[in-house]
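So you can see what is in the structure, the chains are spelled out below.
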Amino acid sequence: MYVAVKGGERAIENAHRLLAHERRGHRTVPEISLVQIAEQLALAVDRVMTEGSLYDRELAALAIKQARGDMIEAIFLLRAFRATLPRFGVSVPLDTGKMQVRRRISAAFKDLPGGQVLGPTFDYTHRLLNFDLEDQSSVPPPSTSEAQDSAMPRVSDLLAADDLIEASPQADAGTPVGDLTREPLSFPAERDLRLQNLARGDEGFLLALGYSTQRGYGRTHPFAGEIRLGEVEIDFFAEDAGFAVPLGRITLTECQMINQFHGSAAVPPRFTRGYGLGFGHCERKAMSMALVDRSLRARELGEEVKAPAQDEEFVMSHSDNVQATGFVEHLKLPHYVDFQSELGLVRMMRAEFQAAQSGEPLAEAAE
Amino acid sequence: MNAPVYNFAYLDEQTKRMIRRAILKAVAIPGYQVPFASREMPMPFGWGTGGVQVTASILGPDDILKVIDQGADDTTNAVSIRKFFAVTAGVRTTTSTNEATVIQTRHRIPEAPLREDQILVYQVPIPEPLRFLEPRETETRRMHALADYGLMHVKLYEDIAVHGHIATTYAYPVKVDDRYVMDPSPTPKFDNPKMSDCAALQLFGAGREKRIYAIPPFTKVVSLDFEDHPFERYRHDGECTLCGADDSFLDEVITDDRGGRMFVCSDTDFCEKRRGDAA
């Protein structure tokens with residue numbers, strides 16, 4: 001009897017074996033390959049890479065397969081792997097102005113240098129189930145054209161030229177960029193750490209927070225100044241060589257929100273920025289991140305902090321889904337001894353309550 | 001594909017050095033919560049990642065490790081963590097409190113007195129004793145800095161005013177070395193007196209909250225109370241059904257659906273040893 005209430009090594013082993021069996025699914029169905037996941041569930045791979053903070057499509061696909069499609073579990077797997085990797089250094093800041101753009105839209109201007117490029121998007125599709133996809137479908141090849149050589153300047157840079165929007169903050173070579181995976185977070189946190197936190201943050205959490213700012217909980221009057229998707233080269237300054245060497249290209253989604261700002265006694269009225277960036281194609285995440293980034297600048301811009309999305313301690317302490325899921329799910333662990341202590345207290349308080357009801361003296365009722 | 005090669009006890013040496021520095025600082029300032037750059041571990045946050053990181057950083061090849069959860073060596077999470085270190089560090093493991101050099105625990109302190117050559121590592125979910133009175137870290141750090149613990153005393157006083165006694169049964173706050181108010185992790189308050197003047201080093205790791213704190217050996221630890229309402233240990237008034245102990249913390253086990261129940265030692269090693277000695 002006593003043994004039956006405790007877990008055991010064999011129980012765990014058998015549970016994991018059963019899990020592996022369930023993950024595989026019916027043996028007559030072909031096993032899904034990592035290439036299939038990376039190619040055909042590409043947006044899932046992008047999300048796992050972004051919130052897992054590791055750009056590796058193959059490992060992200062493996063994590064998704066192992067996690068049976070549970071995104072947060074997959075993100076967790078990738079994070080735990082990443083935590084053991086040695087750190088060689090920090091790349092040269094990316095120049096998204098030099099992105100090889102596949103999609104670029106601005107909701108602020110009808111037309112602009114480089115034009116509007118729709119690219120691969122769910123926007124303007126009708127959300128009707130396509131039953132052709134039930135079986136293997138034949139998909140016509142996309143139409144193509146020559147890649148444009150002309151630069152595609154960022155909308156925010158065009159506005160900044162007229163001082164209508166605050167300048168993009170410049171990197172200070174003397175101050176290393178913060179890294180909350182290497183240094184414990186403390187508050188108040190500067191924008192570099194806030195952006196890192198948001199980039200790793202849960203898409204659903206940031207979506208809801210961003211949404212709340214649109215519904216009046218800390219309004220920021222945003223315009224989607226620009227969203228761009230494409231490939232950017234990463235350079236790494238090699239101490240040995242003495243110059244920056246290209247490491248390769250990664251796919252990024254960047255969102256620059258343009259927000260109203262009335263100015264202050266010292267600052268003329270001009271637009272402010274909210275910034276979002278993620279690995280792969282992740283527009284919802286990048287836009288939500290940009291909204292929340294702008295909200296979290298309330299302190300810096302002298303705005304009253306009254307809504308959840310403006311409260312950096314609240315947002316940053318609860319945005320990480322790996323932390324959140326761990327702590328919520330830890331309630332599954334045994335709490336026998338604490339519950340036992342509470343049981344004792346409730347019984348004592350009930351005895352006191354009943355004694356008081358029947359008019360007996362209190363002291364004798366206590367255990 | 002990149003095949004991972006893991007270091008002794010999983011963590012890389014740089015990370016261990018960072019954690020050891022935090023531990024040294026924690027030992028130097030008893031009861032003070034030292035921030036550290038907690039890593040993602042291969043088990044979920046809230047499931048002992050703080051304790052696991054501390055254990056991984058202090059473990060040597062000659063150590064003998066014991067892991068308990070709710071006082072027992074055979075609860076699932078204790079089995080899982082013990083196995084983790086058996087695989088990644090290859091250290092000897094034991095269920096004997098007496099034999100172990102490092103004991104990682106969740107929610108209990110072993111019944112057997114600990115020795116100077118032992119280290120007790122606690123898994124901590126919420127390291128901040130003031131958290132449920134003040135949710136903001138910026139505020140609670142200020143309160144600790146100023147030793148401004150009035151809020152905690154007001155809470156305990158209100159318990160007495162409303163209930164006639166302090167209504168905290170586990171994670172009962174303590175003051176360490178006359179300075180910092182500290183959360184003992186959710187151990188039942190029955191265990192609080194064992195923390196004081198303990199011969200073993202006590203280390204506390206909170207992974208998700210990124211904090212490490214410590215009680216050095218032979219340090220004074222006082223459970224908060226009032227002169228007219230002194231701290232009281234809670235223990236179910238009875239004996240262990242299996243070993244007859246009348247001084248150990250007891251788990252209640254429901255034996256049928258007609259109200260049947262029995263009480264047994266939560267510390268399985270303590271209980272087994274007593275039964276072995278009696279036989």
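Provided above is the structure to which this section pertains.
Parameters at a glance
Residues numbered from 1 in each chain as written. Chains lettered and ligands numbered in written order. Predicted model: local features only at pLDDT ≥ 70, side-chain atom pairs only at ≥ 80, totals over all residues. Axes fitted to C-alpha atoms, helices over the stretch in contact; angles between N-to-C directions. Helix = DSSP H or I, 4+ residues; strand = E, 2+ residues; numbered from the N terminus. Parallel < 35°, antiparallel > 145°, perpendicular 65-115°, else oblique. Left-handed = near helix turned anticlockwise from the far one by under 90°. Contact = placed C-beta atoms within 7 Å. Nonpolar A, V, L, I, M, F, W, Y, C, P; charged D, E, K, R; others polar. Buried ≥ 20, exposed ≤ 12 C-beta atoms within 10 Å, placed from the backbone.

1. A look at the packing of helix α3 (residues 42-52) of chain A against helix α5 (residues 71-82) of chain A
All names here are of chain A.
Right, on to step 1. Between α3 and α5, the least distance of the axes is 8 Å, while the angle of their chain directions is 45°. The angle between the axes of α3 and α5 places the two elements in the oblique class. Here α3 runs over α5; the crossing is right-handed. On α5, the residues touching A44, R47, V48, E51 and G52 of α3 are M71, A74, I75, L78, R79 and R82.

2. Regarding the interface of chain A and chain B
Right, on to step 1. On the side of chain B, 52 residues touch chain A, which itself brings 45 residues to the contact.
Right, on to step 2. Among the elements of the structure, α1 (9-24), α5, α11 (321-329) and α12 (336-357) of chain A are those that each provide at least two residues to the side of chain A that touches chain B.
Right, on to step 3. When residues in the side of chain A that touches chain B are grouped by element, the largest group, 11 residues, is from α12(A).
Right, on to step 4. A breakdown of the residues in the side of chain A that touches chain B according to their chemical character gives 21 nonpolar, 12 polar and 12 charged.

3. Digging into the packing of helix α8 (residues 203-214) of chain A against helix α9 (residues 283-295) of chain A
Residue and element names in this part refer to chain A.
Right, on to step 1. Relative orientation of the contacting elements α8 and α9 amounts to 55°, with a least axis distance of 8 Å. On the basis of their axis angle, the class for α8 and α9 is oblique. Here the hand of the crossing between α8 and α9 comes out left-handed. Judged by residue contacts, E203, L206, L207, L209, G210 and T213 of α8 engage R284, K285, M287, S288, M289, L291, V292 and S295 from α9.
Right, on to step 2. Its residues assigned to classes, the contact of α8 with α9 comprises seven nonpolar, four polar and three charged.

4. Concerning unusual backbone geometry
Glycine aside, negative phi is the norm for most residues, and most peptide bonds take the trans geometry.
Right, on to step 1. With omega at -5°, the peptide bond leading from A:F187 into A:P188 counts as cis.
Right, on to step 2. Tracing the backbone through its elements, the reader meets A:P188 in the loop between α6 (155-160) and α7 (191-200).
Right, on to step 3. The phi dihedral of B:A9 falls on the positive side, at around 60°, and the residue is not glycine.
Right, on to step 4. If you trace the backbone, B:A9 turns up in the segment before α1 (13-28).
Right, on to step 5. Residue classification places B:A9 among the buried positions, given that 23 C-beta atoms sit within 10 Å.

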